[in-house]
Structures are given as C-alpha cells and as structure tokens.
Amino acid sequence: MNSVTETCEAEETLSARPEIAARKIAFGLQSNIKPIWNPSKPEWSHMVNGASLTMPYLEPFLNNTMREGMKLIDKDNEKLLSDVKGFISQEAQHYQHHRKYNEMIKGSGYKNLSQVEDKMTLDYEKMKSKSLQWRLAYTAGFETMTMGITDWLVNQRQFLFGGADPKVASFILWHFVEETEHKNVAIDLYKHLYGNEYFARIRGLFGASFHIAMLSRQGYMRMLKTDGRWNKWRSRLTLWKMVGQFFLNIAPAMLRALLPNYHPSKVKDPEWVNQWVDAYSKLEEGEIPILDTSDPEISPLFNQI
Ligand SMILES: [Fe+2]
Ligand SMILES: [Fe+2]
C-alpha cells in the first residue's frame, strides 16, 4: 500500500488540521421554516433544497464506502484511521439534519419528490456492486466538488444568503465548514489503497459531480413545477444564471484536481471557514451557531443568540 500521509508531509500543505470533530447542533430545522428560505431567490432556494434531497442517500453511501475502505488501512497508520472515523461521524450528522430538513419540505406541499427518492435508492443500491476503488473514487470526486461549492458559498455569502432564513443559512454553511475540515480524507484513503491511479480518480471526479448535479436537478425541477415557476421564462432565466454561476465557481476546484499530483491539503481554506471554527470553539455547550444574515459580512460571530 502507498502511504499518502508520508508523501504529503514532504510537500507543501496549506490547510492541515489535527483533528476532525463531529458537532451535534440543534438547528431546529423542523419548524418555522419556509421551503423558499431566501425570499428574494426562490430558484436558488430550490437548488439548495434539491441538493439537500440527495444527502440522506449520498452521504450514507459515502460512509459505507469509507467504512469498507477503513478495514484495509495499514494498522500503524493511526492518523488516517482517525481521520476516516472523523469523516464518517461528520457525514452522519450532515445527513441526519438533511433528512429532517427534507421532511419539512415534503410536508410543506412538495409531495412529488418520491420518484426522485426512489431513483436515488435504486442508483445507490446498484452502485454497491461497483468495486471499492470505483466507489472511493466517486467519494473523493464528490468531496472535491464540495471544495468548489464551499468557495462559492463563502465568497458570495452575502449574495446567496443575505436576508435569508438564518437557520437555513447557518445549517448549510455549517455543513460546508465541516466539508472543508475533512476535505483530505477520501483522497487520502483512495491514495493509501490505490496509489496514484489517475484515470480512475478522474472518472470518479466527473462521474460523481455529474450524478449528484443531475439528481439535485430532478428535485429542484419538481419543486419549481409545484410553485408554478418552472415554465415562466423569467424564473427559468434566473435559474440558468444560478446554475451557470454554480459551474463557473466549482470549475477551479475541478480543474486543479486534474493535476496528477493534486492533493486538497495544498489548497488554502477560506479564511471565513477558519473564523467560523474559531468562533464555534468559543460557544458554550448547547449554543447554536446561528449567523446574522442581515449583517453585510455575514461574519461568524454568533453574537445574536
Ligand atoms: Fe457532508
Ligand atoms: Fe464530505
């Protein structure tokens, strides 16, 4: 087996974190939330809702894949073992919150989502028969795309979350803070088990990104149809602009992952993410990291609790 941790230590790392901690946060996503959680951006609200719909199907698949790979880690590689455990515990928190959030959406009149959920059940069931290498490449590929999404959400947080429901904005941004914290883990495990098998990794990168984007689209398309927006040209144009921004903003993360010696630790974390982690560490137990979406900076101060 190829020890990626040794390889990476020799190279420049900009964002190594010692420990990956799962945070159990009571966001209260069941009540007093409207599915169009950003009143000035219904199309964007549903893009996020569509992505949320995939999470209780995608993230358990990622965790099962990582759990299977974990059994093959060299016993003396304690860092990787502990990172994989941290990855699994963070993702488990994520999909449990998304499941609650999705129930709220389905209970708010969007009853036509079961077909999408059935397709996701079927897809991930079929994907169980793929090789572990294929599934780990898919996992690492999805995790790479999330780095691009984090850059977009954080850099344009005022545009995307300004004036939005603080609970939803805080929930989504928390998810991506933790994605940043465990960004190295899937690729570390992939490289530990399979070395630099470049083409399988790249196939996973594009395969996973396309698959999740298409599943999310199935969800938001149905929600926009329920709202009567799908066939309105103005709404469709807004949606296309937002989807265009999504692709433009994830492109740098996808392109740099094409480099043969790519490793996520060489990519600097957004400063806002570090500020969030620091501010969270100062909260008392049980306090909820709710952001102030009326703040032009949407600073992670959590001082309105
Ligand atoms: Fe996640
Ligand atoms: Fe993740």
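The structure presented is a predicted model; accordingly, all values stated were derived computationally and were not measured. (Residues numbered from 1 in each chain as written. Chains lettered and ligands numbered in written order. Predicted model: local features only at pLDDT ≥ 70, side-chain atom pairs only at ≥ 80, totals over all residues. Heavy atoms only, no water.)

## Observations concerning the environment of Asn-64
Right, on to step 1. Following the sequence through the fold, Asn-64 ends up in helix H2 (residues 42-70).
Right, on to step 2. Among the residues examined, Asn-64 registers a relative accessible area of 43% and is labelled partly exposed.
Right, on to step 3. For the pair formed by Asn-64 and Phe-159, sequence separation is 95 residues and the distance between their alpha carbons is 36 Å.
Right, on to step 4. Side chain to side chain, Asn-64 and Arg-67 meet in a polar contact 2.9 Å long. (Helix = DSSP H or I, 4+ residues; strand = E, 2+ residues; numbered from the N terminus. Buried < 20%, exposed > 50% of the residue type's maximum accessible area, 1.4 Å probe, protein only. Polar contact = N/O pair within 3.5 Å; in protein donor to acceptor, adjacent residues only side chain to side chain.)

## Quick notes on the coordination of the iron ion (ligand 2)
Right, on to step 1. Taken together, Glu-91 (OE), Glu-143 (OE), Glu-143 (OE), Glu-179 (OE), Glu-179 (OE) and His-182 (NE2) make up the protein donors of the iron ion (ligand 2), found 2.0 to 2.8 Å from the metal.
Right, on to step 2. The metal-metal distance between the iron ion (ligand 2) and the iron ion (ligand 1) is 3.9 Å, with Glu-91 coordinating both. In this pair, Glu-91 sits in helix H3 (residues 78-106) while Glu-143 sits in helix H5 (residues 132-155), placing the two residues 52 residues apart along the sequence.
Right, on to step 3. Relative accessible area serves as the criterion here: at 0%, Glu-91 is assigned to the buried category. (Donors = N, O, S within 2.8 Å, 3.2 Å for Na, K, Ca; no water.)

## What about the pattern of salt bridges?
Right, on to step 1. With the rule as written, the count across this model stands at 13 salt bridges.
Right, on to step 2. A salt bridge links Lys-282 to Asp-278; the shortest N-O distance between them is 3.0 Å.
Right, on to step 3. Accessibility expressed as a relative area gives 58% for Lys-282, which makes it exposed.
Right, on to step 4. Residues joined by salt bridges that share partners form a network here, namely Arg-23, Glu-178 and Glu-181. (Salt bridge = Lys/Arg side-chain N within 4 Å of Asp/Glu carboxyl O.)

## A closer look at the coordination of the iron ion (ligand 1)
Right, on to step 1. Taken together, Glu-59 (OE), Glu-91 (OE), His-94 (ND1), His-175 (NE2) and Glu-179 (OE) make up the full set of protein donors to the iron ion (ligand 1), lying 1.9 to 2.2 Å away.
Right, on to step 2. When the donor residues of the iron ion (ligand 1) are listed from N- to C-terminus, their spacing reads E-x31-E-x2-H-x80-H-x3-E.

## Thoughts on the environment of Asn-77
Right, on to step 1. Looking at the element boundaries, Asn-77 is found in the loop between H2 and H3.
Right, on to step 2. When the C-alpha positions of Asn-77 and His-192 are compared, they lie 9.8 Å apart, and in sequence the two are 115 residues distant.

## Describing the packing of H5 against helix H10 (residues 233-256)
Right, on to step 1. Contact geometry of H5 with H10 gives a least axis separation of 8 Å together with a crossing angle of 125°. As the angle between them shows, H5 and H10 are arranged oblique. Between H5 and H10 lies a crossing of right-handed hand. In contact with Thr-144, Met-145, Met-147, Gly-148, Ile-149, Asp-151 and Trp-152 of H5, H10 contributes Met-242, Gln-245, Phe-246, Asn-249, Ile-250, Ala-253, Met-254 and Arg-256.
Right, on to step 2. Class assignment of the residues belonging to the contact of H5 with H10 gives a composition of nine nonpolar, four polar and two charged. (Axes fitted to C-alpha atoms, helices over the stretch in contact; angles between N-to-C directions. Parallel < 35°, antiparallel > 145°, perpendicular 65-115°, else oblique. Left-handed = near helix turned anticlockwise from the far one by under 90°. Contact = heavy atoms within 4.5 Å. Nonpolar A, V, L, I, M, F, W, Y, C, P; charged D, E, K, R; others polar.)

## Describing the nonpolar core
Right, on to step 1. Of all hydrophobic cores here, the largest spans 90 residues; its most connected members are Trp-44, Met-66, Val-84, Tyr-101, Tyr-138, Leu-153 and Phe-161.
Right, on to step 2. Among the elements that make up this core, the one with the highest residue count is H5 (12 residues).
Right, on to step 3. Filtering out sequence-adjacent residues up to four positions away, Val-84 remains in contact with Met-66, Met-70, Ile-73, Val-185 and Leu-189. (Core = buried A, V, L, I, M, F, W, Y, C linked by side-chain atoms within 4.5 Å.)

## Things to note about the side chain of Arg-23
Right, on to step 1. With respect to the helices, strands and loops of the structure, Arg-23 is situated in the loop between helix H1 (4-10) and H2.
Right, on to step 2. Among the polar contacts listed, one links the side chain of Arg-23 to the side chain of Glu-178, at a separation of 2.9 Å.
Right, on to step 3. Looking at Arg-23, its side chain comes within polar contact range of the side chain of Glu-181, at 2.9 Å.

## A closer look at the confidence of the model for the chain
Right, on to step 1. Per-chain confidence: the chain averages 92 in pLDDT, with 93% of residues scoring 70 or above.
Right, on to step 2. Confidence over residues 1-11 falls short of pLDDT 50; this stretch has 19 contacts with residues more than four positions distant or in other chains. (pLDDT = per-residue confidence, 0-100.)

## Focus: a nonpolar patch on the surface
Right, on to step 1. A cluster of nonpolar side chains, contributed by Trp-233, Leu-237 and Trp-240, occupies part of the molecular surface with about 410 Å² of accessible area.
Right, on to step 2. One can find Leu-237 in helix H10. (Patch = residues over 30% accessible without salt bridge, like charges linked within 9 Å, V, L, I, M, F, W, Y side chains within 5 Å. Areas by Shrake-Rupley, 256 points an atom, 1.4 Å probe, with all protein chains shown as cover.)

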